[in-house]
Structure formats: structure tokens, C-alpha cells
Amino acid sequence: DTGVSQDPRHKITKRGQNVTFRCDPISEHNRLYWYRQTLGQGPEFLTYFQNEAQLEKSRLLSDRFSAERPKGSFSTLEIQRTEQGDSAMYLCASSLVDRPYEQYFGPGTRLTVT
Amino acid sequence: AQTVTQSQPEMSVQEAETVTLSCTYDTSESDYYLFWYKQPPSRQMILVIRQEAYKQQNATENRFSVNFQKAAKSFSLKISDSQLGDAAMYFCAYRPLQGAQKLVFGQGTRLTINP
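In this text the structure is predicted, and so the values were computed from the model without any measurement.

Engineer: Give me the state of the cysteines: which residues, what numbers.
Structural biologist: Residues and elements named next belong to chain A. Tallying each qualifying case throughout the model produces two disulfides over all chains. Here C23 pairs with C92 through a disulfide, and the sulfurs are 1.8 Å apart. On the S-S bond that ties C23 to C92, the torsion sits near -65 degrees, and the link is left-handed. Highlighted residues: C23 in strand β3 (residues 19–24) and C92 in strand β9 (residues 88–96), separated in sequence by 69 residues.

In C-alpha cells:
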């Protein structure tokens, strides 16, 4: 069990650029979650997948954000036309359907928009 | 909407002493889970302890225990025999038993351990 992994760990981009993050969940975990954590705050839910289906999206997920999990394994989170307000830590978590209360978190991708 | 509030932005404790972190929440649900997560500096968040609201007995995990007061919607974490490795941000979180799958987090408490 290698845990949840995220890539890259850090990303610096200029305002207006597009960025994509990847999350690899624990193998056999069929649920995958994305959260955003700004400095000094707790994580806020963005979206979650069960297998390849995106079942819930937060209002925080504006139309510049898109998430996919095409084969029910890894997931990508893309932010188009980045803004300085997008600077945050993006966390991924995974769980089993029958144990949804056990969400395992990855190390996060820290995004800095300059 | 459910909310979680941690009113202590920072706490400190002497090594080997006991510290209690506070958390209150608001929900209209009767069945739910409450959690304490630990986020060490530059490291990933890990689950410390979980409490099911339908269980009256307070959860315990080694040096970590909770005081769950359902009527008061209070959920505090007690760390006994504090160790240097306990230094971290601690987040209280809520999730309903049914329905929404997301965790709702509080703002966090930064715990410092003084040697």
C-alpha cells in the first residue's frame, strides 16, 4: 500500500496560464476526493468521484476548474486561466465505498499563481 | 449547512503534559461522524481519531481521546503525555452518516510542544 500520491508537489505559474494536477489514489479505492486548502484554513471540499463518475461538485468549483477520473483510477484537476486567488494547496483523498469515513489524504500540490 | 468551529488558533503544551483542543459543530442531522485530523508541517494529513455520533462511548486511540457531548455539539480532543512529534495543525471535521460524502473541516489549531 503506497498511499495516495500527488504530482507535482509544487507548481508556480503565471496568472492566466492553465495548470493540471494529478492524483493517484490507494489502489482499489473507488472513491476519490479533491479539496482546496488556503493558508491558515481547513480544507474545503471541491468534488468527488465514485469510480469514473463525478457525483458531487462544490460551488467553489467554478467553470475554470475541471476534474476527471477517466478510468476510475487516477484523477486530474485542471485550472484554466489561473488567478491569484487560486493559490492554495490542492489535496486529494481516497476511500472505499463501504468505508467512506476513512479518507486517506495525499501530500497535496501547492499552487502559487504570480 | 453544517459548520465546524475551532476557537483556538494556537495552543502550546509542555512535553509529557496533557492538552485539550476544542471543537464545536452545527448540524441538524442526528447521525454523523466526527474526526480529528493531524497535519504535520509539510506532511500529509492523517486521521487521529473518529467518533460515531450514535455511540455514547468516547473514542480512544492510545494517547488520544475525545470528549463527545452530542447535546452541546462539542467534540474536544485530549492528548496525554504530549510528545514532540505531536506538533502539528489539528483539524476537527464532520461528515453526515448518509448523503453528502464530503468532510467539513474547522479552521484548525496549531499545537506547539515545548521541550
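Okay, back to it.
Engineer: Tell me about the interface of chain B and chain A, and name the residues and values.
Structural biologist: The interface of chain B with chain A comprises 17 residues on the first partner and 21 residues on the second. Taking both partners together, chain B and chain A bury about 1600 Å²; carbon and sulfur atoms supply 54% of that area. For the chain B face of the interface with chain A, the top three residues by lost area are Q44, Q101 and K102 of chain B, together amounting to 32%. Where chain B meets chain A, there are one salt bridge.

Engineer: With reference to specific residues and values, describe the sheet that holds strand β8 (residues 75–79) of chain A.
Structural biologist: All names here are of chain A. As summarised here, the arrangement of the four strands in space is β1-β3-β8-β7, forming an open sheet in which the pairing is antiparallel. Of all strands in the sheet, those bounded by a partner on one side alone are β1 (5–7) and β7 (65–68). Direction aside, the axes of adjacent strands within the sheet are offset by 15 degrees on average. In terms of strand pairing, β3 meets β8 through five bridges, oriented antiparallel. For C23, the partnering residue across the bridge sits in β8 and is S75.

Engineer: Could you give an account of the nonpolar core, naming the residues involved and the relevant values?
Structural biologist: The biggest cluster of nonpolar side chains holds 26 residues, and the ones touching the most others in it are Y25, W36, F75, L77 and Y90 of chain B. Elements supplying a minimum of two residues to this core: β3 (19–21), β5 (32–39), β6 (46–52), β8 (64–69), β9 (74–79), β10 (88–96) and β12 (109–114) of chain B. No other element matches β10 of chain B, which puts four residues into this core. Listed in part, the 19 residues of the second largest apolar core include L61, L77, C92 and V113 of chain A.

Engineer: Outline unusual backbone geometry, supporting the account with residue identities and numerical values.
Structural biologist: At the junction of D7 of chain A and P8 of chain A, the peptide bond is cis and its omega measures out at -5 degrees in the coordinates. Relative to the elements of secondary structure, P8 of chain A occurs in the loop between β1 and β2 (10–13). The backbone of N62 of chain B shows a phi angle near 55 degrees, a positive value even though the residue is not glycine. Within the secondary structure, N62 of chain B is located in the loop between β7 (60–61) and β8. Residue class for N62 of chain B comes out exposed when judged on its relative accessible area of 77%. Here D81 of chain B, not a glycine, exhibits a phi torsion of approximately 50 degrees, which is positive. Residue position: D81 of chain B is located in the loop between β9 and β10.

Engineer: Which residues make up the packing of aromatic side chains, and what values go with them?
Structural biologist: All names here are of chain A. Tallying each qualifying case throughout the model produces 18 aromatic pairs over all chains. Here the aromatic rings of F21 and Y90 are separated by 5.4 Å at their centres, their planes lie at 40 degrees, and the arrangement is tilted. Of the two residues, F21 sits in strand β3 while Y90 sits in strand β9, which places them 69 residues apart along the sequence. Assigned by exposure class, F21 and Y90 land together as buried. Measuring from ring centre to ring centre gives 5.5 Å for Y33 and Y48, while their planes differ by 20 degrees; the resulting arrangement is stacked. With a gap of 15 residues between them, Y33 in strand β4 (residues 31–37) and Y48 in strand β5 (residues 44–50) connect regions that are remote in the sequence. Considered together, Y33 and Y48 belong to a single accessibility category, that of buried residues.

Engineer: Describe in detail the side chain of Q8 of chain B, supporting the description with residues and values.
Structural biologist: Residues and elements named next belong to chain B. Relative to the assigned elements, Q8 resides in the loop between β1 (3–5) and β2 (10–14). Here the side chain of Q8 touches S22 through a polar contact of 2.8 Å, landing on its backbone nitrogen. Once residues lying within four places of it in the same chain are set aside, the contact partners of Q8 are T20, L21, S22, G108 and T109.

About the cut-offs
Residues numbered from 1 in each chain as written. Chains lettered and ligands numbered in written order. Predicted model: local features only at pLDDT ≥ 70, side-chain atom pairs only at ≥ 80, totals over all residues. Heavy atoms only, no water. Disulfide = S-S within 2.5 Å. Helix = DSSP H or I, 4+ residues; strand = E, 2+ residues; numbered from the N terminus. Contact = heavy atoms within 4.5 Å. Buried area = accessible area lost by both parts, 1.4 Å probe. Salt bridge = Lys/Arg side-chain N within 4 Å of Asp/Glu carboxyl O. Pairing = 2+ DSSP bridges. Axes fitted to C-alpha atoms, helices over the stretch in contact; angles between N-to-C directions. Core = buried A, V, L, I, M, F, W, Y, C linked by side-chain atoms within 4.5 Å. Buried < 20%, exposed > 50% of the residue type's maximum accessible area, 1.4 Å probe, protein only. Phe/Tyr/Trp six-rings, centres within 6.5 Å; stacked < 30°, edge-to-face > 60°. Polar contact = N/O pair within 3.5 Å; in protein donor to acceptor, adjacent residues only side chain to side chain.

Remember, this is a structural readout, not a statement about activity or role.
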